[in-house]
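# Coordinates in review
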Amino acid sequence: EQASQEGSSSSSSSSSSDDVVAEYTKSDADGDNEELERRALAWLSNNRMGATTYDWNGVLFLCHKANMHRVVVDLFSKMKWPSTPALPDGQTYGFVASSNAKSGRWRNALETLLEMEEEGGFKPGLTLWSVVLRSAVRDPKAPRAHLSVAISRFEQFLANNGGGNGSKSSSGGQSSSSSSS
């Protein structure tokens, strides 16, 4: 039943994640994007098996921009299901770490940065580190030991990357890759 439902929704849905993101971006000025957010989430739900990393990142971008940080984290966990063919990239990890940090879950954000390096092979960029550390420092309940760990990991990052200019780093923003300097 689920397979036939997915098949019919995929064939009836002629729009791509790009279409949903483009429509969201055009209408962003009006500030009322709940319907587009629902459409983006519905599109991803209906096309999960065929969605690429680019598609996932488009929807994560929309949710992140709309301050739907819990949704970003939930979608990330679904993206990592073995049945989902798309793999997280540096941008994906960036959205998740930033969403965790911006919603006050800086420990989860730090874990995401570590996972980004260890499992994904991507080095978080200086901007992403600063978002996570800013969240940690602002938490009045943050134990000093946890802050020390976060700061020591950041210092390791700086030492290993010549001040933060790693070759395969991510700032966590939605942008095109460019090879120009």
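Details of the structure are given in the entry above.
Report follows, based on the coordinates. (Residues numbered from 1 in each chain as written. Predicted model: local features only at pLDDT ≥ 70, side-chain atom pairs only at ≥ 80, totals over all residues. Heavy atoms only, no water.)

## Overview of the overall build of the chain
Scanning the chain from terminus to terminus reveals nine helices and two strands. Taking all 181 residues of the chain together, 43% fall into the buried category. Long-range pairs, those at least 24 residues apart, make up 63% of the contacts in the chain with a sequence separation of at least 6. About 10100 Å² of surface is accessible on the chain, with carbon and sulfur atoms providing 49% of the total. (Helix = DSSP H or I, 4+ residues; strand = E, 2+ residues; numbered from the N terminus. Buried < 20%, exposed > 50% of the residue type's maximum accessible area, 1.4 Å probe, protein only. Contact = heavy atoms within 4.5 Å. Areas by Shrake-Rupley, 256 points an atom, 1.4 Å probe, with all protein chains shown as cover.)

## Some thoughts on the side chain of Thr-53
You can see Thr-53 is positioned in helix α4 (residues 53-65). Among all residues touching Thr-53, those that are not within four sequence positions of it are Met-79, Ala-86, Leu-87, Asp-89 and Thr-92.

## Focus on helix α7 (residues 106-118)
In a regular helix each residue adds 1.5 Å, so 13 residues correspond to 18 Å; α7 covers 18 Å between its end C-alpha atoms and thus fits that length. Within α7, burial applies to Trp-106, Ala-109, Leu-110, Thr-112, Leu-113, Glu-115 and Met-116. (Expected span 1.5 Å × (residues − 1).)

## Re helix α6 (residues 90-102)
Look at α6: 18 Å from first C-alpha to last across 13 residues, which is about the 18 Å you get at 1.5 Å a residue. α6 sits mainly inside the fold: twelve of its 13 residues count as buried. Taken together, the buried positions of α6 are occupied by Gly-90, Gln-91, Thr-92, Tyr-93, Gly-94, Phe-95, Val-96, Ala-97, Ser-98, Ser-99, Asn-100 and Ala-101. Its side-chain oxygen at 3.1 Å from the backbone nitrogen of Gln-91, Asp-89 defines the N-terminal cap of α6. (Polar contact = N/O pair within 3.5 Å; in protein donor to acceptor, adjacent residues only side chain to side chain.)

## Brief notes about the packing of α6 against helix α8 (residues 126-138)
Relative to each other, α6 and α8 sit at 20 degrees, their axes nearing to 9 Å. Considering the angle they form, α6 stands roughly parallel to α8. Helix-helix and strand crossings are classified by hand; for α6 and α8 the assignment is left-handed. Contact residues: Gly-94, Ala-97, Ser-98 and Ala-101 in α6; Leu-128, Val-131, Val-132 and Ser-135 in α8. Tallied by class, residues from the contact of α6 with α8 come to five nonpolar, three polar and no charged. (Axes fitted to C-alpha atoms, helices over the stretch in contact; angles between N-to-C directions. Parallel < 35°, antiparallel > 145°, perpendicular 65-115°, else oblique. Left-handed = near helix turned anticlockwise from the far one by under 90°. Nonpolar A, V, L, I, M, F, W, Y, C, P; charged D, E, K, R; others polar.)

## Let's talk about the environment of Leu-60
Here Leu-60 is to be found in helix α4. Overall, the relative accessible area of 0% leaves Leu-60 in the buried class. The spacing of Leu-60 and Phe-76 is 16 residues in sequence and 8.3 Å in space, taken between C-alpha atoms. The contacts of Leu-60, once residues within four sequence positions are left out, are Val-72, Leu-75, Thr-92 and Phe-95.

## Details of the packing of aromatic side chains
Per the stated rule, a full pass over the model turns up six aromatic pairs. Relative to Tyr-93, the ring of Phe-76 lies with its centre 5.5 Å away and its plane at 65 degrees, an arrangement referred to as edge-to-face. Remark: Tyr-93 occurs in helix α6 and Phe-76 occurs in helix α5 (residues 69-79); sequence separation between them is 17 residues. By relative accessible area, Tyr-93 is classed as buried at 4%. A connected cluster of aromatic rings, assembled from ring pairs, spans Phe-76, Tyr-93 and Phe-122. (Phe/Tyr/Trp six-rings, centres within 6.5 Å; stacked < 30°, edge-to-face > 60°.)

## Some details on the nonpolar core
Ranked by size, the top nonpolar core spans 39 residues in total, and within it Leu-44, Trp-56, Leu-75, Leu-113, Trp-129 and Val-132 carry the most contacts. Of all elements in the fold, only α3 (34-46), α4, α5, α6, α7, α8 and α9 (144-160) reach the threshold of two or more residues within this core. Not counting residues within four places of it along the chain, the set of residues in contact with Leu-113 comprises Ala-97, Pro-124, Leu-128, Trp-129 and Val-132. (Core = buried A, V, L, I, M, F, W, Y, C linked by side-chain atoms within 4.5 Å.)

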